[in-house]
Amino acid sequence: MKPFTFPKNFLFGSATAGVQVEGGDRNNNWYVWAEQGHIKDGSDILRAGDHWNRYREDVALLSQMHHQIYRMGIEWSRIEPEKGRFDEKAIAHYREVIACLLRNNIRPLVTLHHFTYPIWLDKEDGFASKQIVTYFERYTEYVVEQLGDLVSEYITINEPNVFLLNGYVAGMWPPGKKDIPLAYRVFVNMSLCHIAAYEIIHRIRRQRHFPGKTMVGVANHLRVFDPLRKGHTLDHFLAEKQQFFFQDAFADYMTTGTLPFPAKLCVPSGYEGHYADFIGINYYSRNIVNAVDLTTFVQPDRPVNDLGWEIYPDGLRILCETFYERYHLPIWITENGVCDNNDVLRVRFIAGHLRAVKEAIDKGVPVERYYHWSLMDNFEWLEGESARFGLVYIDYESQRRIIKKSGKFYAKICENGGCTEDLVKEYHL
Ligand code: BGC
């Protein structure tokens, strides 16, 4: 690999999400799901990385690893533990975490919703509820009033498509439904929640003269969909359709408040507008689409991670280019990472994906940031503690943190603004 350097204003960091790292929260829908025995390795969602208590140590790690930016989740279930009752102590805790980041010159990007929500909301049908937009508005208003002076950058919703597919189509995640009409309702509701939150965040920060440029967007889980047989009409057709239903529909509706014809006839109209200041891309892998038996799989002989997902760095360049062409907005890589329990794939993974980002930049795409998933090993949903994505190793028993070899490598990239000749040599890239 040849060395490469990013533009001076490019920012490097990493990402986590509340329940995946904090531990100790019994008040969210994933706690209930875990209690029902759905976690494959039986690990305890209440343990995670104990980040709620150890955030100072974790911010020190971010600083030691030369991060300039950090994406963090805040938990709705902690902030509004009962319907309409906000917990001042919980929001004060998040202010402390954020203040600690700022003291270390690390700019926070705050996620309002990352798969989990309060139990009281679950009892009212979660994102399928008729009241959900009102509830999400109220929560957003409270958060921005309380944190808006310290935080100017927000992700409203993380990966709405993954939330929808796993929770309402495949039934593997809470609320465990396999119900297409319901999924459609959730699709519309989540989009309207985002649109409302986008406007609220901008309005409150403007009215209150909070400092910093307000930036609001969605973290879109994007994949590349390739036909198994190039030139095979049905494979191509199916790949296109999968791509539309899996990711383009959400991205379009949430970014522009409408869909291309004829799909626009199926969603509420009157929202046409501009609801994103950047396109957030969470990128992990691609789908190979085969129309013959309708399967989607990884091609043989392709490199895969420990969960069997294909490692395909060029996909990140392709997605940056495609989504910039579509929306003409700056691109932030809001997640990109690899499940690699022995830390043998991550150095190459990072180098390969960052090079793909650099190639997109060289072609004129304004990719501005890269948040690696994840700062540290964490509670990986159904996989529990058994799937490690961190730059930092966590010994869950003792909660000891150890920066991995890949973490040290990434720290040098952050420090140098790219992959230097020395790094190429030292890591045999
Ligand atoms: C999610 C994270 C998750 C990661 C790895 C993303 O889809 O936002 O919560 O841990 O992928 O699976």
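The preceding data block contains the structure.
What you are looking at is a predicted structure, and each value in this text was computed from that prediction instead of being measured.

Student: I'm lost on the layout of surface pockets in this one. Help?
Tutor: Unoccupied space between atoms shows up once a probe the size of one water molecule is rolled over them. Put simply, the largest pocket is a space of about 1,400 Å³. Looking at the largest pocket, it is lined by 49 residues, and the ones nearest its centre are Asn-161, Val-162, Leu-165, Asn-166 and Phe-246. Breaking the lining of the largest pocket down by element, the ones donating at least two residues are α8 (160-169), α9 (180-207), β6 (215-227), α10 (233-256), β7 (279-290) and β8 (295-297). A breakdown of the residues in the lining of the largest pocket according to their chemical character gives 31 nonpolar, 10 polar and eight charged. Considering only enclosed or pocket space, the second largest pocket measures out at about 280 Å³ in volume. Lining of the second largest pocket is provided by 18 residues; of these, Asn-9, Leu-11, Trp-332, Glu-368 and Arg-369 occupy positions nearest its centre.

Student: Got a minute to help me understand a nonpolar patch on the surface in this structure?
Tutor: A surface patch of nonpolar side chains, about 240 Å² in accessible area, is lined by Leu-165, Val-169 and Ile-180. Secondary-structure assignment places Leu-165 in helix α8. Leu-165 gets classed as partly exposed once you look at its relative accessible area, which sits at 36%.

Student: Is there a simple way to explain the pairing of strand β4 (residues 107-113) in this structure?
Tutor: A regular strand places its side chains on the two faces of the sheet in alternate fashion. Most of β4 sits inside the fold, with six of its seven residues counted as buried. Taken together, the five bridges between strand β3 (residues 69-73) and β4 define a ladder with parallel strand orientation. Across the sheet, residue Ile-69 finds its bridge partner in β4, namely Arg-107. Inspection of the sheet shows β4 paired to strand β5 (residues 153-158) by three bridges, in the parallel sense.

Student: Honestly, the pairing of strand β12 (residues 400-403) in this entry has me stumped. Any pointers?
Tutor: Alternating residues of β12 divide into Arg-401 and Ile-403, all buried, and Arg-400 and Ile-402, none buried. With four bridges joining them, strand β11 (residues 392-395) and β12 adopt antiparallel strand pairing. The partner of Ile-394 across the bridge, within β12, is Arg-401. Once β11 ends, the chain turns through four residues before running back antiparallel as β12, passing Gln-399 with a positive phi of about 60 degrees.

Student: Would you mind showing me how to read the site of the ligand here?
Tutor: What surrounds the ligand is a group of 13 residues, the closest being Gln-20, His-114, Glu-159, Glu-335 and Glu-380. Contact between the ligand and Gln-20: an oxygen atom at 2.7 Å from a side-chain N or O atom of the residue. Within the complex, the protein chains bury 95% of what would otherwise be the 310 Å² of accessible surface of the ligand. Because more than half of its atoms lie within 2 Å of the grid, the ligand is assigned to the largest pocket. Taken together, the residues of the shell around the ligand sort by class into six nonpolar, four polar and three charged.

Student: Before we go on, may I ask you to explain empty space enclosed by the protein in this structure?
Tutor: According to the stated counting rule, one finds three cavities of 30 Å³ or more in the structure shown. There is about 70 Å³ of room inside the largest cavity. Contributing to the lining of the largest cavity are 13 residues, with Glu-22, His-51, Met-72, Gly-73 and Tyr-94 lying nearest its centre. Of all the secondary-structure elements, those providing two or more residues to the lining of the largest cavity are α1 (18-21), α3 (51-64), β3 and α5 (88-103). Of the residues belonging to the lining of the largest cavity, the class tally is seven nonpolar, five polar and one charged. Of the volumes computed, that of the second largest cavity is approximately 40 Å³. Residue lining of the second largest cavity: Val-19, Gly-23, Gly-24, Asp-25, Asn-28 and Ile-45, and that is the complete set. Residue classes in the lining of the second largest cavity are distributed as two nonpolar, three polar and one charged.

So, how was this worked out
Residues numbered from 1 in each chain as written. Predicted model: local features only at pLDDT ≥ 70, side-chain atom pairs only at ≥ 80, totals over all residues. Heavy atoms only, no water. 1 Å grid on protein atoms, 1.4 Å probe; cavity = no way out; pocket = protein on both sides within 12 Å on 5 of 7 lines; lining within 4 Å. Points joined across faces, edges and corners; volume = space filled by probe spheres on them. Helix = DSSP H or I, 4+ residues; strand = E, 2+ residues; numbered from the N terminus. Nonpolar A, V, L, I, M, F, W, Y, C, P; charged D, E, K, R; others polar. Patch = residues over 30% accessible without salt bridge, like charges linked within 9 Å, V, L, I, M, F, W, Y side chains within 5 Å. Areas by Shrake-Rupley, 256 points an atom, 1.4 Å probe, with all protein chains shown as cover. Salt bridge = Lys/Arg side-chain N within 4 Å of Asp/Glu carboxyl O. Buried < 20%, exposed > 50% of the residue type's maximum accessible area, 1.4 Å probe, protein only. Pairing = 2+ DSSP bridges. Near = heavy atom within 4 Å. Polar contact = N/O pair within 3.5 Å; in protein donor to acceptor, adjacent residues only side chain to side chain. Sits in = over half its atoms within 2 Å of the grid points.

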